[in-house]
Amino acid sequence: MAHRTERQARATIHVGGEWLEAVSGATREILDPADARPFAVVAEGDEKDAERAVAAARQAFDHGPWPGTPVAERAALLRRVAGLLVRDRERLGLLESRDAGKTVEEGRVDIDCVADAFRYFADLVAAEAPGRVVDAGTPDVHSVVVHEPVGVCALITPWNYPLLQASWKIAPALAAGNTFVIKPSEITPMTTIALIELLAEAGLPAGVAGLVTGPGHTVGATLAEHPDVDLVSFTGGLASGTKVAQAAAPTVKKVALELGGKNPNVVFADACATEEGFDTAVDQALNAAFIHSGQVCSAGSRLIVEEPLRERFVTELARRAEKIRLGRGTGEGVECGPLVSEQQRAKVEAYVASALAEGAVLRCGGKRPSPAENRPESGYFYEPTVLDACHREMRVVREEVFGPVLTVETFRTEEEAVALANDTEYGLAGAVWTTDAGRARRVAGRLRHGTVWINDFHPYLPQAEWGGFGRSGTGRELGPAGLAEYRETKHVYQNLAPKPVRWFAG
């Protein structure tokens with residue numbers, strides 16, 4: 001596949017099968033968070049660009065071939081996209097690393113997961129029955145429930161997992177027969193642009209896939225409120241998600257929101273009764289909190305540990321956290337990259353300062369790395385931070401930090417552990433560590449979170465639904481329910497032997 005020229009690289013708005021510059025001519029520099037230097041320039045779209053993208057998607061849905069394309073052909077296209085992702089794994093993994101700051105190995109894993117999502121939704125739609133026959137109680141009626149594409153979908157994705165989150169929306173949207181306009185985060189758009197190129201290479205008809213690069217307050221708001229958009233799917237922060245829901249409400253369109261979490265990682269002492277169990281639980285607590293510098297909606301940022309275990313557990317956790325190697329994601333031996341922006345680092349610093357003012361005890365981190373410690377001198381780096389002696393009234397415990405900050409709370413009874421884990425306005429994910437099978441089932445059953453891990457943290461399956469309770473959002477991604485979000489359900493009732501009813505005598 002030929003790469004676009006430098007001038008074409010600024011034309012990152014995709015409308016009707018064409019790559020265009022912004023109507024206004026505005027552009028934005030994309031910064032590498034590892035050194036704070038620009039490495040790409042993209043179009044800075046606004047309301048006018050969003051309008052023309054929606055118009056093209058509307059035209060493609062109402063008059064184009066894709067909604068009526070046989071399911072087998074739609075599934076075949078998704079599989080071709082998965083194959084192209086495998087082909088370009090190294091290139092896309094490097095681009096994801098540079099764009100979002102994560103390690104290149106994390107970037108490669110993300111590409112694998114994106115390919116898995118396309119394969120899963122291809123298999124799901126290909127295996128479905130054409131409709132559900134409903135028994136009407138008489139042979140004179142044929143009654144069937146069918147599923148149809150919802151229409152034009154607005155997809156708004158976050159900066160932490162740019163390509164993965166895009167795939168969770170694009171793959172089911174296309175599998176169901178929809179057209180779409182996607183707005184990636186304005187600070188990490190590069191791999192989404194690459195994915196739209198791959199969709200065209202795979203043979204997706206022009207107009208089905210639209211892309212507008214630009215900020216949320218212009219592009220995102222226009223997409224959410226537009227009367228020609230039938231569904232808006234948003235992944236991001238609670239405040240922005242609330243605005244999306246409010247913008248979508250007047251047109252009563254379908255809305256799916258994934259709004260993050262404040263996720264508990266509950267460790268019972270029996271899980272650490274052996275050295276192997278202790279090592280595993282500490283290792284997984286590090287993974288839960290510090291993968292991608294904690295910039296994960298399901299990060300296990302709240303460690304809730306049984307009181308007799310706390311001192312030993314937290315001491316070892318902090319010792320290992322201090323040894324995490326920071327640096328550019330492509331660097332040899334680097335385990336953790338930078339935060340995505342200066343704004344995000346300043347937010348994390350403010351949360352840590354407030355926690356210390358409220359009485360938290362700093363066990364490690366809590367600052368930018370020092371050049372004297374052979375750590376990065378530039379970029380948006382922040383040391384993995386462990387805050388002990390935390391309590392529920394602290395902002396850092398209640399609110400989503402989205403950075404490498406782990407808070408520690410303690411409990412003495414199972415009842416108290418469940419109460420602490422559920423004491424959050426969010427409900428995305430959580431974990432329980434114990435060797436007691438009965439306790440594991442009890443606690444998992446009582447946790448009000450959309451995903452619960454037992455003796456593990458972070459894995460997900462494309463065939464299992466993802467989403468949260470409470471203010472973690474509405475709707476689900478992945479799994480059969482993730483496909484259902486992009487469909488309307490229709491009941492077709494056919495009378496095979498019509499005759500007069502004679503309700504009215506005349």
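In what follows, the accompanying structure is described. Keep in mind that this is a model prediction, so the values were computed, not measured.

### Quick word on the overall build of the chain
So, step 1. Along the backbone of the chain there are 16 helices and 20 strands.
So, step 2. Relative to the compact-globule value of 23 Å for 506 residues, the chain shows a C-alpha radius of gyration of 24 Å, a close match.
So, step 3. Within the span of the chain, comprising 506 residues, buried residues form 56% of the whole.
So, step 4. Partitioning the contacts of the chain with sequence separation of at least 6, the portion at a separation of at least 24 is 73%.
So, step 5. Here the chain holds 54 positive side-chain charges and 68 negative ones, and the gap between their average locations is 2 Å.

### A closer look at unusual backbone geometry
So, step 1. Its identity as a non-glycine residue notwithstanding, Ala36 has a phi of 65°, on the positive side.
So, step 2. Locating Ala36 in the fold gives a position in the loop between strand S3 (27-32) and strand S4 (37-43).
So, step 3. The exposure class of Ala36 is partly exposed, given its relative accessible area of 32%.

### Quick word on the layout of surface pockets
So, step 1. Put simply, the largest pocket is a space of about 1,400 Å³.
So, step 2. Taken together, 49 residues form the lining of the largest pocket, with Trp159, Phe234, Gly236, Gly237 and Ser240 sitting closest to its centre.
So, step 3. Elements that contribute at least two residues to the lining of the largest pocket include exactly S3, helix H8 (216-225), strand S10 (231-235), helix H9 (238-248) and helix H12 (342-357).
So, step 4. With six residues, the single largest contributor to the lining of the largest pocket is H9.
So, step 5. Looking at the lining of the largest pocket residue by residue, the class counts come to 21 nonpolar, 15 polar and 13 charged.

### So, a negative patch on the surface
So, step 1. Side chains of Glu47, Glu51, Glu225 and Asp228 sit close together on the surface and give a patch of like negative charge.
So, step 2. Its location among the elements puts Glu225 in helix H8.

### Quick look at helix H4 (residues 89-100)
So, step 1. Taking 1.5 Å of rise per residue, 12 residues should cover 16 Å, and H4 covers 16 Å from first to last C-alpha, within 8% of that figure.
So, step 2. Taken residue by residue, H4 has Leu92, Gly93, Leu95, Glu96, Ser97, Asp99 and Ala100 as its buried positions.
So, step 3. Structurally, H4 contributes buried residues whose contacts are with S3, S4, helix H3 (71-87), helix H5 (104-126), helix H6 (162-175) and helix H7 (190-202).
So, step 4. Once H4 finishes, Gly101 follows within two positions and takes phi at roughly 90°, a positive value.

### Notes on H3
So, step 1. Between the first and last C-alpha of H3 there are 25 Å, a value that for 17 residues agrees with the 24 Å anticipated at 1.5 Å per step.
So, step 2. Of the surrounding elements, those touching the buried residues of H3 are H4, H5, H6 and H7.

### Here's the deal with empty space enclosed by the protein
So, step 1. Throughout the structure, instances matching the rule amount to three cavities of 30 Å³ or more.
So, step 2. There is about 70 Å³ of room inside the largest cavity.
So, step 3. Lining the largest cavity are 13 residues, and of these Gly294, Ser301, Glu400, Val401 and Phe402 lie nearest its centre.
So, step 4. Of the residues belonging to the lining of the largest cavity, the class tally is six nonpolar, five polar and two charged.

### Quick word on the sheet that holds strand S5 (residues 132-134)
So, step 1. Spatially, S5-S6-S20 is the arrangement adopted by the three strands of the open sheet, whose pairing is antiparallel. Two strands in the sheet have a free side with no partner beyond their single neighbour: S5 and strand S20 (487-495). Strand-to-strand, the axes of this sheet are offset by a mean angle of 25°, without reference to chain direction.
So, step 2. Where strand S6 (residues 141-149) meets S20, nine bridges bridge the pair, whose relative direction is antiparallel. Each bridged residue has a counterpart across the sheet, and for Glu148 the counterpart in S20 is Glu488.

Here is what the cut-offs are and how they apply
- Residues numbered from 1 in each chain as written.
- Predicted model: local features only at pLDDT ≥ 70, side-chain atom pairs only at ≥ 80, totals over all residues.
- Heavy atoms only, no water.
- Helix = DSSP H or I, 4+ residues; strand = E, 2+ residues; numbered from the N terminus.
- Rg over C-alpha atoms; globule rule 2.2 N^0.38 Å.
- Buried < 20%, exposed > 50% of the residue type's maximum accessible area, 1.4 Å probe, protein only.
- Contact = heavy atoms within 4.5 Å.
- Lys, Arg positive; Asp, Glu negative; His and termini not counted.
- Charge placed at Lys NZ, Arg CZ, Asp CG, Glu CD.
- 1 Å grid on protein atoms, 1.4 Å probe; cavity = no way out; pocket = protein on both sides within 12 Å on 5 of 7 lines; lining within 4 Å.
- Points joined across faces, edges and corners; volume = space filled by probe spheres on them.
- Nonpolar A, V, L, I, M, F, W, Y, C, P; charged D, E, K, R; others polar.
- Patch = residues over 30% accessible without salt bridge, like charges linked within 9 Å, V, L, I, M, F, W, Y side chains within 5 Å.
- Areas by Shrake-Rupley, 256 points an atom, 1.4 Å probe, with all protein chains shown as cover.
- Salt bridge = Lys/Arg side-chain N within 4 Å of Asp/Glu carboxyl O.
- Expected span 1.5 Å × (residues − 1).
- Pairing = 2+ DSSP bridges.
- Axes fitted to C-alpha atoms, helices over the stretch in contact; angles between N-to-C directions.

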